[in-house]
Each structure stands twice: as C-alpha cells, then as structure tokens.
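Residues per chain are reported as follows:
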Amino acid sequence: MIRLEQLNKVYQLGGEPVQALDHVDLSIDAGEYLSVMGPSGSGKSTLLNMLGLLDTPDSGRYWLDEREMTALSEEGRAAERNRHIGFVFQAYHLIDRLSARENIELPLVLNGTAPAERKPAVGALLERLGLSHHADHLPHQLSGGQRQRVAIARAVIRKPRLLLADEPTGNLDSHSGRDVIELLEELNAEGITLVMVTHDASMGARAHRRLWMQDGCLLKDERHAPG
Ligand code: ADP
Ligand code: ADP
C-alpha cells in the first residue's frame, strides 16, 4: 500500500541544517498496525507528516497504492489526503465553537456530502463511540478522553484507508489513554492501516510492528505479535 524510498528531509534550525529524515526506506501493507518510537527530535513527527502528505521530502519517493505522491502538486496531495488519510493529534485540534456532532460532521460538509447522508453517518459513529449523550456538547464540556474520541471520529468519518496518530494519548491519563488506544485498535481490526507515534513504550509495544527512529534514521523494524 505504501512504499517510501530513500526519503530525505533537512530543516534549517537557527542556520544549522538538521537531517530530520535520513534515507528512510519503508514499506507498509494495507491493514498493518505500526508504532513509531524513538527519542524526541528523532524524526517521528516528520515521518508521520510525510506519510500524511502534510510535508514534502527534499529527495526520495513515496508511492501510495502504486501512485507516486512525490510527483503530485499541492492540490493533488490535498485531494489524496482528503480521500485516503485521517489524522489524530495529541492536542485534539477540535473546533471550539462547534459541538461534538458538528466537529465530526465537518469533513462531510467540506466534501459536499448531502445532509440526508451526513446525519445517519454521524449518528452511527457517535453511538458506536459512546458519545451520543455528548453530541451537543462543546469541546470544553468534554473530558480529554471524550475529546480525543471525537477527534478520532472526525478522522474516520470519511472512511480513510490510512489513520495517522501522533502521540494520541499524550495528554491523557492512563485510563482514558487505554480507551483511546483500544478504539484505534478496533478501527485497525476492521481494516484501517494504523501508524502511531508514541514515546510510551507500553503503548508502542501493543503494535504488530514497531519502528525505532534515531537522528532521522530508521534504526529498527520489528515484527512480532504484541505482548
Ligand atoms: P520527533 O517527532 O521525533 O520529536 P520531529 O520529526 O518533530 O521529531 O523533528 C525532527 C528534527 O527536525 C528535530 O531536530 C526538529 O527540531 C526538526 N524539525 C522538525 N520540524 C521542523 C521545522 N518545521 N522546522 C525546523 N526544524 C524542524
Ligand atoms: P512532537 O512532540 O511530535 O515532537 P513537536 O512539538 O516537536 O512535536 O513539533 C510539533 C510540530 O512542529 C511538528 O509538526 C514539527 O514538524 C514542527 N517542529 C518541530 N520542531 C520544530 C522546530 N525546531 N522549528 C519549527 N517547527 C518545528
């Protein structure tokens, strides 16, 4: 499904070049569940941003379903992103003035889905995530765990094939963090490809495949059953 070949990214940091990605090669099959671990500054977010077409490499190639993403224009990348990729961030990034229901519905509004189709889709997802009673609450009226569930619902309402999560439990206590991970794992079990950046070793260990980054390099790529 995904193939990265010799991906490089250099940022300028106070006039000094920083190699955020250093010749990264990586293949990911549809349905996989990967965690990305490594010290702060090792390039985990940069890798996720590349996979999510939020950032472009300086050199190297990225194929998604045999199509080369590195050849696309900005508009082309945005279209791929909207169609195939969902994001979950540590800080939720919900819209404060919109209710839980409206936040989840927003991607469907933006892609022109008819209201008659939107309502049942959002309703079903709210129910499934145990958020039906909070549908009309604003983000500040929800707990951190509930906010992240709303953010996950918003990320998957368009049924993306790839779900990218950057420290999704970073702001949560261990109990709600576990709930959030279990929800992501349920979505993976239903077929979505899941890539999760985490510096929490116990969270990362749950993935079926674990990548370790250091200084922009992919240091280790372990595949074995979680446990
Ligand atoms: P991680 O997610 O592992 O903490 P990042 O991918 O965020 O690492 O960062 C990798 C390196 O690239 C770090 O040295 C970071 O400071 C640098 N970096 C990341 N994004 C930018 C940017 N937009 N501008 C300048 N430097 C950046
Ligand atoms: P993380 O906790 O995942 O490492 P950060 O808080 O370091 O994330 O970075 C958040 C965002 O800011 C990332 O998308 C990253 O690309 C960007 N970034 C990271 N380091 C720098 C930097 N030194 N200068 C500018 N942007 C940066």
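Since the structure is predicted, the reported quantities are computational estimates derived from the model, not experimental observations.

Enquirer: Help me understand the sheet that holds strand β5 (residues 67–68), please; the structure alone is not making it clear to me.
Expert: Strand pairs in the sheet, formed through backbone hydrogen bonds, run parallel or antiparallel to each other. The 4 strands lie next to each other as β2-β1-β4-β5, forming an open sheet whose pairing is antiparallel. The two strands at the open ends of the sheet, each matched to only one other strand, are β2 (16–28) and β5. Across 5 bridges, the pairing between strand β1 (residues 2–13) and strand β4 (residues 59–64) is antiparallel. Note on β4: the bridge partner recorded for Asn8 is Ser59. Taken strand by strand, helix α1 (residues 44–51) contacts β1, β2 and β4, and its axis lies near 125 degrees from that of β1.

Enquirer: Looking at this structure, I do not really get the site of ligand 1. What am I missing?
Expert: In the region of ligand 1, 13 residues are neighbours, and Gly41, Gly43, Lys44, Ser45 and Thr46 sit closest. A distance of 2.6 Å separates an oxygen atom of ligand 1 from a polar side-chain atom of Thr46. Coverage of ligand 1 by the protein amounts to 66% of the 560 Å² it exposes when considered alone. Elements that contribute at least two residues to the shell around ligand 1 include exactly β1, β2 and α1.

Enquirer: Whenever I open this one, the pattern of salt bridges confuses me. Can you help?
Expert: Any two side chains of opposite charge can pair if their charged atoms end up close together. Summed over all chains, the structure comprises 17 salt bridges. In this structure, Arg83 and Glu80 form a salt bridge, with 3.9 Å as the shortest nitrogen-oxygen distance. Of this pair, Arg83 and Glu80 both sit in helix α2 (residues 74–84), 3 residues apart, roughly one helical turn. We classify Glu80 as buried; its relative accessible area is 6%.

Enquirer: Would you explain the nonpolar core in this entry?
Expert: As a rule of thumb, nonpolar side chains are buried together in soluble globular proteins. Counting residues in each nonpolar core, the largest one holds 34 residues, and the members touching the most others are Ile104, Val150, Ile152, Leu163 and Leu184. Elements with a contribution of two residues or more to this core: α3 (100–110), α4 (115–128), α5 (144–156), β7 (162–166), α6 (174–189) and β8 (193–197). Looking at this core element by element, the count peaks at 6 residues for α5.

Enquirer: Help me understand the pairing of β8, please; the structure alone is not making it clear to me.
Expert: Where a strand is regular, its side chains alternate between the two sheet faces. The buried fraction of β8 is high, at 5 of 5 residues. Alternating residues of β8 divide into Thr193, Val195 and Val197 and Leu194 and Met196, and every residue in both groups is buried. By the bridge criterion, 4 bridges tie strand β3 (residues 33–37) to β8 in an arrangement that is parallel. In the sheet register, Ser35 faces β8, and the bridge partner there is Met196. Pairing of β7 with β8 involves 5 bridges; the strand directions are parallel. Within β8, the residue paired with Ala165 across the bridge is Met196. Handedness of the crossover joining β7 and β8 through α6: right-handed.

Rules of the game
Residues numbered from 1 in each chain as written. Chains lettered and ligands numbered in written order. Predicted model: local features only at pLDDT ≥ 70, side-chain atom pairs only at ≥ 80, totals over all residues. Heavy atoms only, no water. Pairing = 2+ DSSP bridges. Helix = DSSP H or I, 4+ residues; strand = E, 2+ residues; numbered from the N terminus. Contact = heavy atoms within 4.5 Å. Axes fitted to C-alpha atoms, helices over the stretch in contact; angles between N-to-C directions. Near = heavy atom within 4 Å. Polar contact = N/O pair within 3.5 Å; in protein donor to acceptor, adjacent residues only side chain to side chain. Areas by Shrake-Rupley, 256 points an atom, 1.4 Å probe, with all protein chains shown as cover. Salt bridge = Lys/Arg side-chain N within 4 Å of Asp/Glu carboxyl O. Buried < 20%, exposed > 50% of the residue type's maximum accessible area, 1.4 Å probe, protein only. Core = buried A, V, L, I, M, F, W, Y, C linked by side-chain atoms within 4.5 Å. Right-handed = clockwise from strand over helix to strand, strands pointing away.

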